[in-house]
Amino acid sequence: MNGAESMVRTLLASGVEVCFGNPGTSEMHFVSALDRVEGMRAVLGLFEGVVTGAADGYARMAGKPAATLLHLGPGLANGVANLHNARKAGTPMVNIIGDHATAHQRYDAPLTSDVEAIARPVSHWVARVRGAANAAADVARAVQAARQAPGQIASLILPADSAWDTADGVAPALPVEGPAAVGEGAIGRSVAALRTGGKVAFLLRGAALQGRGLAAAARIAAATGARLVCDTFAPRVERGAGRVVVERLPYRPEPAIAFLQGTETLILVGAQAPIAFFAYPGQPSELTPPGCRPLVLAHPHEDGVAALEALADAVASGPVAAPGPRLYPALERNAAFGAEAVLRTVAHLLPEGAIVSDETISAGFPHYALFDGARPHDWLQLAGGAIGDGMPVATGAAIACPGRKVVNLQADGSAMYTLQSLWTQAREKLDVTTVIFANRAYQVLVEELKGVGAGTAGSKAFSMLDLNNPALDWVQLAGGMGVEAVRVSDSAGFADAFAAAMKRPGPFLIEALI
Ligand SMILES: Cc1ncc(C[n+]2csc(CCOP(=O)(O)OP(=O)(O)O)c2C)c(N)n1
């Protein structure tokens with residue numbers, strides 16, 4: 001067995017079952033090992049941003065890491081933006097990054113680069129395999145690092161000779177400690193805050209926004225009147241009928257501060273105290289309003305779910321009745337068409353157990369609450385602000401959850417960063433319906449231009465924010481990658497197309513001209 005094969009077998013032994021990749025010459029032994037080893041699914045992405053974004057979407061839904069296979073420094077660099085997003089999301093991921101054989105590195109061949117330097121800012125853990133005999137042990141350590149709570153990016157650089165030389169064998173999975181227990185003191189301080197009768201809000205993130213965490217938060221809210229809030233861009237939220245509603249913090253500083261105004265204690269569960277996405281002249285960076293005290297119940301690496309349960313046991317009685325479905329009626333067929341009409345129809349028709357990958361940017365902000373009444377679903381969004389993760393995240397989520405419909409609500413400008421995802425969806429026959437919000441502009445930046453006080457925009461400035469001339473043709477773009485697509489420009493057309501898409505399995509794209 002060579003080093004590469006020992007790594008693939010060790011990944012499997014450690015519970016990693018999918019490898020998203022875009023390989024080159026230095027990774028050929030790893031590719032060949034994928035072929036020989038039963039049980040590892042190999043998924044090709046035609047750009048590394050697709051590879052890393054899909055690994056992010058996979059892990060958010062599977063609750064465990066995928067591996068990526070990347071080609072030296074430049075391949076890694078192409079995947080960096082979505083590694084950044086995954087790092088911000090607290091996603092576990094194991095990157096295997098090929099490099100030149102050790103003896104070749106001193107020649108400064110064309111693809112030679114400082115791989116560690118590119119990996120470090122987007123990784124919690126970086127190591128280099130120093131010989132095939134170590135390869136299996138190193139990859140076991142990488143998986144262990146990735147699985148450390150709440151989820152880490154582990155990058156392992158694999159020189160080609162460590163892949164092709166003879167290895168010692170497979171390494172066993174290493175123990176993974178779960179999230180750290182929250183101390184009695186932190187729980188006691190939160191109990192005291194709830195008992196003083198002052199206004200309390202919880203800012204929830206991570207596992208606290210799923211299953212048991214939400215159920216405990218619902219009990220606390222029902223017993224004490226505390227508000228439940230999540231970040232504007234929480235990585236994953238379980239939403240919909242039967243689940244407690246978690247309000248979303250507004251995006252811009254002034255509305256966010258107004259939203260929290262009057263809160264005396266903001267209890268943080270896996271979240272940091274809120275800060276503005278950007279600085280705006282004359283506006284604060286911190287969004288915790290004056291007079292409000294942030295109180296940490298659980299840090300991101302701690303067991304916020306158990307802490308919420310302990311808190312609920314202290315201040316509340318048994319489980320609370322979950323709210324019933326509040327489905328919106330179907331939109332009238334001749335209703336005015338636009339982002340709201342699209343989102344109302346999606347919220348109305350979304351099937352139970354769907355996964356929504358939301359990268360709607362400006363189109364979705366005002367209509368987020370529509371989905372609180374939809375059938376139960378998971379909501380995934382861009383946690384790190386580097387646009388271009390909606391399509392890959394949808395792709396990875398579909399691989400993690402076969403049998404569940406994935407709906408990608410996708411702004412057109414952001415879609416263009418990683419549209420190669422559609423090809424992977426076609427090749428892997430993934431059940432993803434993509435809805436393109438074709439406003440043919442970087443609309444949010446038109447608003448930002450005003451927001452930062454950058455003056456009046458002339459035609460040159462607007463040309464940087466306008467996606468017309470030529471207009472993108474999503475039906476052709478999708479068709480060229482093997483995904484069937486339609487273009488719609490009215491409410492009835494969209495409702496018919498989306499209803500049909502929900503009934504047919506496999507990838508499909510709807511370009512909504514909003
Ligand atoms: C990697 C990266 N590049 C650039 C940006 C800056 N940026 C933020 S939003 C945006 C345009 C978004 O346009 P679109 O996806 O069409 O959504 P819309 O604003 O029209 O709703 C850009 C370029 C970014 N956030 N991330």
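Residues numbered from 1 in each chain as written. Predicted model: local features only at pLDDT ≥ 70, side-chain atom pairs only at ≥ 80, totals over all residues. Heavy atoms only, no water.

Participant: Help me understand the packing of helix 9 (residues 184-195) against helix 12 (residues 304-315) in this model?
Facilitator: Helix packing for two helices is described by the angle between their axes and how far apart those axes are. Their axes nearest at 10 Å, the elements helix 9 and helix 12 cross at an angle of 45°. Overall, the two elements helix 9 and helix 12 adopt an arrangement that is oblique. Between helix 9 and helix 12 lies a crossing whose hand is right-handed. Residues Ile-187, Ser-190, Val-191, Leu-194 and Arg-195 of helix 9 pack against Ala-307, Ala-310, Leu-311, Ala-314 and Val-315 of helix 12. Tallied by class, the residues present in the contact of helix 9 with helix 12 amount to 8 nonpolar, 1 polar and 1 charged. (Axes fitted to C-alpha atoms, helices over the stretch in contact; angles between N-to-C directions. Helix = DSSP H or I, 4+ residues; strand = E, 2+ residues; numbered from the N terminus. Parallel < 35°, antiparallel > 145°, perpendicular 65-115°, else oblique. Left-handed = near helix turned anticlockwise from the far one by under 90°. Contact = heavy atoms within 4.5 Å. Nonpolar A, V, L, I, M, F, W, Y, C, P; charged D, E, K, R; others polar.)

Participant: Please clarify how helix 14 (residues 390-400) should be interpreted in this entry.
Facilitator: Each turn of an α-helix holds 3.6 residues, which means side chains three or four residues apart point in the same direction. Among the 11 residues of helix 14, 10 are classified as buried, and the element is accordingly described as predominantly covered. Buried residues of helix 14: Gly-390, Met-391, Pro-392, Val-393, Ala-394, Thr-395, Gly-396, Ala-397, Ala-398 and Ile-399, and no others. (Buried < 20%, exposed > 50% of the residue type's maximum accessible area, 1.4 Å probe, protein only.)

Participant: Before we go on, may I ask you to explain the packing of helix 10 (residues 211-224) against helix 12 in this structure?
Facilitator: For the pair helix 10 and helix 12, the least separation of the axes is 8 Å and the interaxial angle reads 30°. Put simply, helix 10 runs roughly parallel to helix 12. Crossing of helix 10 over helix 12 shows left-handed handedness. Contacts between helix 10 and helix 12 involve Arg-212, Gly-213, Ala-216, Arg-219, Ile-220, Ala-223 and Thr-224 from the former and Val-305, Ala-306, Leu-308, Glu-309, Leu-311, Ala-312, Asp-313 and Val-315 from the latter. Looking at the contact of helix 10 with helix 12 residue by residue, the classes come out as 9 nonpolar, 2 polar and 4 charged.

Participant: What am I meant to see in the pattern of salt bridges here?
Facilitator: A pair can form between side chains of opposite charge whenever their charged atoms are brought close. Per the counting criterion, the structure on display carries 27 salt bridges. The shortest N-O distance in the salt bridge between Arg-60 and Asp-56 comes to 2.9 Å. You can see Arg-60 and its partner Asp-56 sitting in helix 3 (residues 48-62), 4 residues apart, about one turn around the helix. Asp-56 matches Arg-60 in its accessibility class, with the two residues each being buried. (Salt bridge = Lys/Arg side-chain N within 4 Å of Asp/Glu carboxyl O.)

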